[in-house]
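The chain contents come next:
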Amino acid sequence: MGDLWWTEEDESFETGDVTKIVQEMVGRKIRLVSFHWSTNSRKEYLYFPDLGWSSKRGMVLSWKDEVQEDILSKSQFLVEAVPNQEDQIRLISVHWSTNSRKEYLYSPTIDQSSERRMVLLWKGKVQEDILSKSRYVVEKVPGKDNQIRLISVHWSTNSHKEYLYSPAIDWSNKRRMFLSWKGDVQKDILSKSRYLISID
């Protein structure tokens, strides 16, 4: 399992901190762990199960049960830089991608409800639309040196940040949904959008 690789003496939210975090992540394989739902004895990983939303889209869920090797394999992301953007990344499934095709995490024009957007894995040919919807701003959680949030660049505006988060909505008894919040951002959303990063 992985460990967090950065520590900050200064716990204030600084742009430089985010740039450093992004620089450390780019080109590396990471896992994202829900801080809100994990406990001292169990880490809740985001992962890409063998479940299709459609022929070109895969599910992205949060694993609530005991962690096995299969989950650890399917929870690996490769972090890709967004050109000329020091605080933005794309996330690629290590498990499902091949040498000739990258499978990106992205935020499509598919709603789960009026206030929630689906977050899926794109399995088809990568076009500009997918590259735009797969961009995420890394936001450091103020006062915490080991927690981040991810914000959709494509769907956010100057007045509204669209956070990726892990809601109290189950896909099955062992899987939680992973969505993007379109509504007003409350403390509950800010808590459920916190993720720890681990690296092998």
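This section reports on the structure supplied with the text. (Residues numbered from 1 in each chain as written. Predicted model: local features only at pLDDT ≥ 70, side-chain atom pairs only at ≥ 80, totals over all residues. Heavy atoms only, no water.)

1. A few points about the packing of aromatic side chains
So, step 1. For the structure shown, the criterion picks out five aromatic pairs.
So, step 2. With 5.1 Å between their ring centres and 65° between their planes, Phe-48 and Phe-77 make a pair best called edge-to-face. Placement of Phe-48 in the loop between β2 (45–47) and β3 (52–54) and of Phe-77 in strand β6 (residues 77–82) is noted, with a sequence separation of 29 residues between them. When sorted by exposure, Phe-48 lands in the same class as Phe-77, which is buried.
So, step 3. Here Tyr-106 and Trp-122 contribute two aromatic rings whose centre-to-centre distance is 5.8 Å and whose plane-to-plane angle is 75°, an arrangement assigned as edge-to-face. Here the residue Tyr-106 occupies a position in strand β8 (residues 104–106), and Trp-122 occupies one in strand β11 (residues 120–122), the gap between them amounting to 16 residues. Like Tyr-106, the residue Trp-122 is buried in the burial classification.
So, step 4. Geometry around Trp-155 places Arg-117 over its ring, the cationic atom sitting 3.8 Å from the centre.
So, step 5. One residue, Arg-176, lies across the ring of Trp-37, its end atom 3.7 Å from the ring centre. (Phe/Tyr/Trp six-rings, centres within 6.5 Å; stacked < 30°, edge-to-face > 60°. Helix = DSSP H or I, 4+ residues; strand = E, 2+ residues; numbered from the N terminus. Buried < 20%, exposed > 50% of the residue type's maximum accessible area, 1.4 Å probe, protein only. Lys NZ or Arg CZ within 6 Å of the ring centre and 35° of its normal.)

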